[in-house]
Amino acid sequence: MGKGGGCIFSKKRSKLEPSDQDPTNPVSDHPQNQASTPIESCPLQEPKKLKVFIVFYSMYGHVECLARRIKKGVDSVDGVEGCLYRVPETLSADVLEQMKVPEKADELPVVSADELVEADGLLFGFPTRFGSMASQMKAFFDSTGHLWEQQRLAGVPAGFFVSTGTQGGGQETTAWTAITQLAHHGMLYVPIGYTFGAGMFKMDSIRGGSPYGAGVYSGDGTRVPSETELALAEHQGKYMAAMVKRFAPPRPVMPGDSLNN
């Protein structure tokens, strides 16, 4: 086989001897007299799924809960896939132990800055520190300087989801102070607005989240996210997946596609 996948006839093929030929029924070399070989059609490849990277830092697991429900929402949209990633930890093991931080699950990979260029959409999740993103996420953004120099992330849809300890701890400020990171990269900020509907207006229970993105209250670190907070996170995943499909470049026309759509 050659590099192009075509067949190469052997140059060592032996010639027919006169005794091997049938004079009463000579074989013609004319193409019309040769048996045709059926050509197998190449199967069409499935369209490649668009990818939304869900990149987060979670200390006590609250942001991770949101991230997993966001992935569920992304995966529910046809043609889009959610990919979960952690950012690198910046605290030492001794400090984490003193803070009683549970060990992280090993099945989720740690993302590198260079991998971000493979995403069709990005959702960043992090807890707050005095009304803005935690230092672990800030350190990760700081590591993307070489991508900023070449504007490798320009035009990529991106959004945020957050965790705060109290109701006034930064459900909105944590997200909108992070918009500067997207602006310098030229990314397209995608808030959820009030697209969650009635769930954004209910006042009968404590609920994190805002028009800027999904959110959860962690309290002292032991509070369990409410179903409303998780449902809002799932909605954000669906909403971002829909935006990614809208901004995605058109799929090339394949054989058998209708041109009337």
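Residues numbered from 1 in each chain as written. Predicted model: local features only at pLDDT ≥ 70, side-chain atom pairs only at ≥ 80, totals over all residues. Heavy atoms only, no water.

**So, helix H1 (residues 62–75)**
Phase 1 of the analysis: Spanning 14 residues, H1 covers 20 Å between terminal C-alpha atoms, matching the ideal 20 Å at 1.5 Å per step.
Phase 2 of the analysis: Residues of H1 that are buried: His 62, Val 63, Glu 64, Leu 66, Ala 67, Arg 69, Ile 70, Gly 73 and Val 74.
Phase 3 of the analysis: Structurally, H1 contributes buried residues whose contacts are with strand S1 (50–56), strand S2 (80–86), strand S3 (121–129), strand S5 (157–164), strand S7 (215–217) and helix H7 (227–247). (Helix = DSSP H or I, 4+ residues; strand = E, 2+ residues; numbered from the N terminus. Expected span 1.5 Å × (residues − 1). Buried < 20%, exposed > 50% of the residue type's maximum accessible area, 1.4 Å probe, protein only. Contact = heavy atoms within 4.5 Å.)

**Remarks on the nonpolar core**
Phase 1 of the analysis: Judged by nonpolar contacts, the single largest core of 30 residues is most densely connected at Val 55, Leu 116, Leu 122, Phe 124, Phe 126, Met 137 and Phe 140.
Phase 2 of the analysis: Of all the secondary-structure elements, those providing two or more residues to this core are S1, S2, S3, helix H3 (135–142) and S5.
Phase 3 of the analysis: When near neighbours in sequence (up to four residues on either side) are disregarded, Leu 116 contacts Val 55, Val 111, Leu 122, Phe 140, Thr 144, Leu 147 and Leu 153.
Phase 4 of the analysis: Counting residues in hydrophobic clusters, the runner-up holds 27 residues, among them Leu 66, Val 74, Val 216 and Ala 241. (Core = buried A, V, L, I, M, F, W, Y, C linked by side-chain atoms within 4.5 Å.)

**Regarding the confidence of the model for the protein**
Phase 1 of the analysis: In this model, the protein carries a mean pLDDT of 84, and residues with pLDDT of at least 70 account for 78%.
Phase 2 of the analysis: Here residues 1–28 scores under 50 on pLDDT; set against residues more than four positions off or in separate chains, the count is 4 contacts. (pLDDT = per-residue confidence, 0-100.)

**Description of the pattern of salt bridges**
Phase 1 of the analysis: Taken as a whole and assessed by the stated rule, the structure comprises 9 salt bridges.
Phase 2 of the analysis: We note a salt bridge from Arg 86 to Glu 64, for which the minimum N-O separation is 2.9 Å. Highlighted residues: Arg 86 in strand S2 and Glu 64 in helix H1, separated in sequence by 22 residues. The residues Arg 86 and Glu 64 share a single accessibility class, namely buried. (Salt bridge = Lys/Arg side-chain N within 4 Å of Asp/Glu carboxyl O.)

**Comments concerning the pairing of S1**
Phase 1 of the analysis: Most of S1 sits out of view: 6 of its 7 residues are buried.
Phase 2 of the analysis: Sheet topology note: the S1/S2 ladder contains 7 bridges and is parallel. Looking at the pairing, Lys 51 lines up with Glu 81 of S2.
Phase 3 of the analysis: Handedness of the crossover is the feature at issue here: the chain leaves S1, passes through H1, returns alongside S2, and the resulting connection is right-handed. (Pairing = 2+ DSSP bridges. Right-handed = clockwise from strand over helix to strand, strands pointing away.)

**Observations concerning the side chain of Ser 58**
Phase 1 of the analysis: For Ser 58, the position within the fold is in the loop between S1 and H1.
Phase 2 of the analysis: Among the polar contacts listed, one links the side chain of Ser 58 to the backbone nitrogen of Gly 61, at a separation of 3.1 Å.
Phase 3 of the analysis: Not counting the four nearest positions on each side in its chain, Ser 58 is found in contact with Val 63, Glu 64 and Lys 104. (Polar contact = N/O pair within 3.5 Å; in protein donor to acceptor, adjacent residues only side chain to side chain.)

**A word on unusual backbone geometry**
Phase 1 of the analysis: You will see that Lys 100, though not glycine, has its phi angle at about 55°, which is positive.
Phase 2 of the analysis: With respect to the helices and strands, the residue Lys 100 is situated in the loop between helix H2 (93–98) and S3.
Phase 3 of the analysis: Here Gln 151, not a glycine, exhibits a phi torsion of approximately 50°, which is positive.
Phase 4 of the analysis: As for its position among the elements, Gln 151 is in the loop between helix H4 (145–149) and S5.
Phase 5 of the analysis: On the basis of relative accessibility, which here comes to 33%, the residue Gln 151 falls in the partly exposed class.

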